[in-house]
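Listed here are the chains, written in short residue letters.
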Amino acid sequence: TTVYGAGHGGFGFVTRENEGYVLLGYEPVALGREEDLAALMVGAREGSFSRARIERLTRQRLEITEGGTERILGIEGRVYRLTLIEGQTRLEPLEIVISTDPGLAAVGREVLRHIDLLRDPIVALVGEEPQPFAAARALFATGTPLRIDRMRMNRMETETRAVRVDGLVLPGPVVSRRELH
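Residues numbered from 1 in each chain as written. Predicted model: local features only at pLDDT ≥ 70, side-chain atom pairs only at ≥ 80, totals over all residues. Heavy atoms only, no water.

## Description of the environment of Gly 77
Operational definition: The way it works is that DSSP assigns letters per residue, a run of H or I at least four long becomes a helix, a run of E at least two long becomes a strand, and they are numbered from the N terminus. We call two residues in contact whenever any of their non-hydrogen atoms come within 4.5 Å of each other.
Looking at the element boundaries, Gly 77 is found in strand E6 (residues 75-86). Measuring from C-alpha to C-alpha, the distance between Gly 77 and Ser 99 comes to 4.1 Å, with 22 residues separating the pair along the chain. Excluding residues that lie within four positions of it along the chain, Gly 77 makes contacts with Gly 68, Thr 69, Glu 70, Val 97, Ile 98, Ser 99 and Leu 146.

The structure is reproduced here in structure tokens:
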């Protein structure tokens, strides 16, 4: 089991027996399979992966510049500034801190796997892989993100012990992806 998560109200990735899950919210409020969430997110009416935002990405390019280093949870990472450029307009940069610490490699692979699950639905939606998506994916492939803008990771670990599920109570009935559409 690999667990990777951000602070309160953030998110976490949990992988168990090659199946990925995403935890969203505080307690967590939502738990879903990664591939189901990716399919629901891409092309939604609103949000980071809405049809309009993805179509706009095809007209933008991403510039990545390397900064200094930063320590988070005692782990050193390289700071990168990501700037979306549309025509002559440069949007405000976003900072990401990536660690190449080999001890976190399993966590980095899980984050990358989640990003990869978004690729096919994005390409199906707009007919191509937008350059900003490909460039960001290539950056994430270099290591494990410790910070994405203001969101710092506060828990990263790989566990091999069994996780007890007898106390897990879902917040509602289990529904299929088809039922959600």
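That covers the picture; the talk isn't over yet.
## Description of the side chain of Thr 144
What counts, and what does not: Polar contacts, as used here, are pairs of N or O atoms within 3.5 Å; protein pairs need one atom able to donate a hydrogen and one able to accept it. Residues neighboring in sequence count only if both atoms are side-chain atoms.
Take Thr 144: it is sitting in strand E9 (residues 144-148). Within the local environment of Thr 144, its side chain forms a polar contact with the backbone nitrogen of Gly 108, the two atoms lying 3.1 Å apart.

## Quick notes on the side chain of Ser 99
Tracing the chain through its elements places Ser 99 in strand E8 (residues 94-99). Here Asp 101 takes part through its backbone nitrogen, which lies 3.0 Å from a polar atom of the side chain of Ser 99. When residues no more than four places from it in sequence are discounted, the contact partners of Ser 99 are Ile 75, Glu 76, Gly 77, Leu 104, Gly 143, Thr 144 and Leu 146.

## Here's the deal with the pairing of strand E5 (residues 61-72)
Rules: Strand pairing is defined by DSSP finding a minimum of two bridges between the two strands.
Where E5 lies against E6, 10 bridges are found, and the strand directions are antiparallel. When the bridges of E6 are listed, Glu 63 appears paired with Thr 83.

## What about the pattern of salt bridges?
Selection criterion: Salt bridge, as applied in this entry: a Lys or Arg side-chain nitrogen positioned within 4 Å of an Asp or Glu carboxyl oxygen. Note on classification: 1.4 Å probe, protein chains only; a residue is buried when its accessible area is under 20% of the maximum for its type, exposed when over 50%, partly exposed between these limits.
With the rule as written, the count across this model stands at 10 salt bridges. Two residues, Glu 95 and Arg 147, come together in a salt bridge whose shortest N-O distance is 2.7 Å. Residue Glu 95 is located in strand E8, and its partner Arg 147 is located in strand E9; the two are separated by 52 residues in the primary sequence. In this structure Arg 147 comes out as buried when scored by relative accessible area, which is 9%. A salt bridge links Asp 120 to Arg 119, with the shortest nitrogen-to-oxygen separation between them at 3.5 Å. With a relative accessible area of 55%, Asp 120 lands in the exposed category. Via salt bridges that share partners, Glu 70, Arg 81, Glu 95 and Arg 147 belong to a single interconnected network.

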